[in-house]
Amino acid sequence: MRIVPYFFKMLLLAPLGVLIWGIFRPWRQKQLVRQGLVAAPYREGTLLLFFVFLSGLLGLTLTPIGFWNGIFAFAPFQGEINLIPFWESWALFRYYAAHGMWQAILINFLGNIVMFVPVGLFASLLMDKPRWWKSTLCALGLSLFIEIFQLFVSRGTDVDDVILNTLGGLLGHGLFVWLRRLNPEFVKHCARLRKGSA
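Not measured: the values here are computed from a predicted model. (Residues numbered from 1 in each chain as written. Predicted model: local features only at pLDDT ≥ 70, side-chain atom pairs only at ≥ 80, totals over all residues. Heavy atoms only, no water.)

Some details on the overall build of the protein chain
Phase 1: Helix and strand content of the protein chain: 9 helices and 4 strands.
Phase 2: Starting at the N terminus and ending at the C terminus, the protein chain contains elements arranged as α-α-β-α-β-α-α-α-α-β-α-α-β.
Phase 3: The buried share of the protein chain, reckoned over its 198 residues, is 39%.
Phase 4: Within the protein chain, residue pairs in contact and separated by at least 24 positions form 78% of the contacts whose partners lie at least 6 positions apart.
Phase 5: Accessible surface for the protein chain amounts to roughly 12000 Å². Of this, 71% is attributable to carbon and sulfur atoms. (Helix = DSSP H or I, 4+ residues; strand = E, 2+ residues; numbered from the N terminus. Buried < 20%, exposed > 50% of the residue type's maximum accessible area, 1.4 Å probe, protein only. Contact = heavy atoms within 4.5 Å. Areas by Shrake-Rupley, 256 points an atom, 1.4 Å probe, with all protein chains shown as cover.)

Pasting the structure below:
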C-alpha cells in the first residue's frame, strides 16, 4: 500500500521527537518545581508520544518535494496556492474517481483528516480543562503553520488541507471524549499535575 511509506518516514523521525522531549524535560521540570507541581508519569509519557508524533508529522509536511527521494536541496516553489474552499478538491476528487484512483482519494482526503486526529487527542489529553474548541484551535493553528511554511519549500498550499486537518483535530477530541468515558482514570493521569516536589 502507498500509505505504508508515510508511516515509515514518520518512524524514521521518531528519535528526533524523543531528543527534543529529552532536551526540554529538565527545563519543564524546573518550571513545575517553581510552581510546587510534579507531572504524573502518564502525563510525561503522553507528552513524549506527542513530541514523537509531531516530529514525524512536521517531517512529512515541511520537507521539500524530493527530500525523501535523496534531493536535499530546496527547490523553487513548484506547487499551487488554493484559497478557494473545496474548489480544487472537488475537481481532484472527480478526476481520481473517474480514473478509479481510490487509494489516492484515501490518501489525499481521508489522510488529511486522520493525520490530525492525534493532534486533537493529545491536546485534549494534556489540557487541564479540555474543550472541543481548544483542541480544534490547536489543530487549526498547526495546520496553518504547516501550510504557510510550505510556501517556502517546493510544495503547494491549500485551504482545503487546513479545513480537513482542523476536522481531524475535532475528531481527535471526539476520540478523547470516548476514551474518557471508557477509562476516566487513564485520562486523569495523562493531564495530572499534582502538588509535590520533583
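What about helix α2 (residues 14-34)?
Side chains three or four residues apart in an α-helix point the same way, a direct result of the helix having 3.6 residues per turn.
Phase 1: Its 21 residues give α2 an end-to-end C-alpha distance of 30 Å, which sits within 8% of 30 Å, the value for a rise of 1.5 Å per residue.
Phase 2: For α2, the complete set of buried residues consists of Ala-14, Gly-17, Trp-21, Arg-28, Gln-29 and Leu-32.
Phase 3: Directly beyond the C-terminal end of α2, a positive phi value near 70° is found at Gly-36. (Expected span 1.5 Å × (residues − 1).)

Things to note about the confidence of the model for the protein chain
Phase 1: Summarising the model, the protein chain shows a mean pLDDT of 85, and 87% of its residues fall at 70 or more.
Phase 2: Taken as a whole, residues 70-77 scores under 50 in pLDDT and shows 14 contacts with residues more than four places along the chain or in a different chain. (pLDDT = per-residue confidence, 0-100.)

Let's talk about a nonpolar patch on the surface
Phase 1: A contiguous nonpolar surface patch, about 600 Å² in accessible area, is contributed by Leu-16, Leu-19, Ile-20, Ile-23, Phe-24 and Trp-27.
Phase 2: Note on placement: Ile-20 falls in helix α2. (Patch = residues over 30% accessible without salt bridge, like charges linked within 9 Å, V, L, I, M, F, W, Y side chains within 5 Å. Salt bridge = Lys/Arg side-chain N within 4 Å of Asp/Glu carboxyl O.)

Concerning a positive patch on the surface
Phase 1: Taken together, the side chains of Lys-129, Arg-131, Arg-180 and Arg-181 define a basic patch exposed on the protein surface.
Phase 2: By the secondary structure assignment, Arg-131 is in the loop between α6 (117-126) and α7 (132-149).
Phase 3: Given the relative accessible area of 41%, Arg-131 is considered partly exposed. (Lys, Arg positive; Asp, Glu negative; His and termini not counted. Charge placed at Lys NZ, Arg CZ, Asp CG, Glu CD.)

A short note on the pattern of salt bridges
Phase 1: For the coordinates displayed, the defined rule picks out 3 salt bridges.
Phase 2: As a salt-bridge pair, Glu-185 and Lys-188 come within 3.8 Å of each other at their nearest N and O atoms. On the criterion of helical spacing, the pair formed by Glu-185 and Lys-188 is a turn pair, its members being 3 residues apart in helix α9 (residues 184-191).
Phase 3: On the basis of relative accessible area, Glu-185 is assigned to the partly exposed category, the value being 43%.
Phase 4: A network of salt bridges, in which partner residues are shared, links Arg-25, Arg-28 and Glu-44.

With respect to the nonpolar core
Phase 1: Formed by 15 residues in total, the largest nonpolar core has its most connected members in Met-10, Phe-53, Leu-57, Phe-116, Val-119, Leu-142 and Ile-146.
Phase 2: Of all the elements in the fold, those that place two or more residues in this core are α3 (41-62), α6 and α7.
Phase 3: In terms of residues, this core owes the most to one element, α3, which gives 6 residues.
Phase 4: Those residues in contact with Val-119, other than ones at most four positions away along the chain, are Phe-50, Phe-53, Leu-57, Cys-138, Ala-139 and Leu-142. (Core = buried A, V, L, I, M, F, W, Y, C linked by side-chain atoms within 4.5 Å.)

Observations regarding the packing of α3 against α6
Phase 1: Following both chains from N to C, one finds α3 and α6 inclined at 155°, their axes separated by 10 Å at the closest point. Classified by the angle their axes make, α3 and α6 are roughly antiparallel. Crossing handedness for the pair α3 and α6: left-handed. From α3, Arg-43, Thr-46, Leu-47, Leu-49, Phe-50, Phe-53 and Leu-57 reach across to α6, where they touch Pro-118, Val-119, Phe-122, Leu-125 and Leu-126.
Phase 2: For the contact of α3 with α6, the residue count by class is 10 nonpolar, 1 polar and 1 charged. (Axes fitted to C-alpha atoms, helices over the stretch in contact; angles between N-to-C directions. Parallel < 35°, antiparallel > 145°, perpendicular 65-115°, else oblique. Left-handed = near helix turned anticlockwise from the far one by under 90°. Nonpolar A, V, L, I, M, F, W, Y, C, P; charged D, E, K, R; others polar.)

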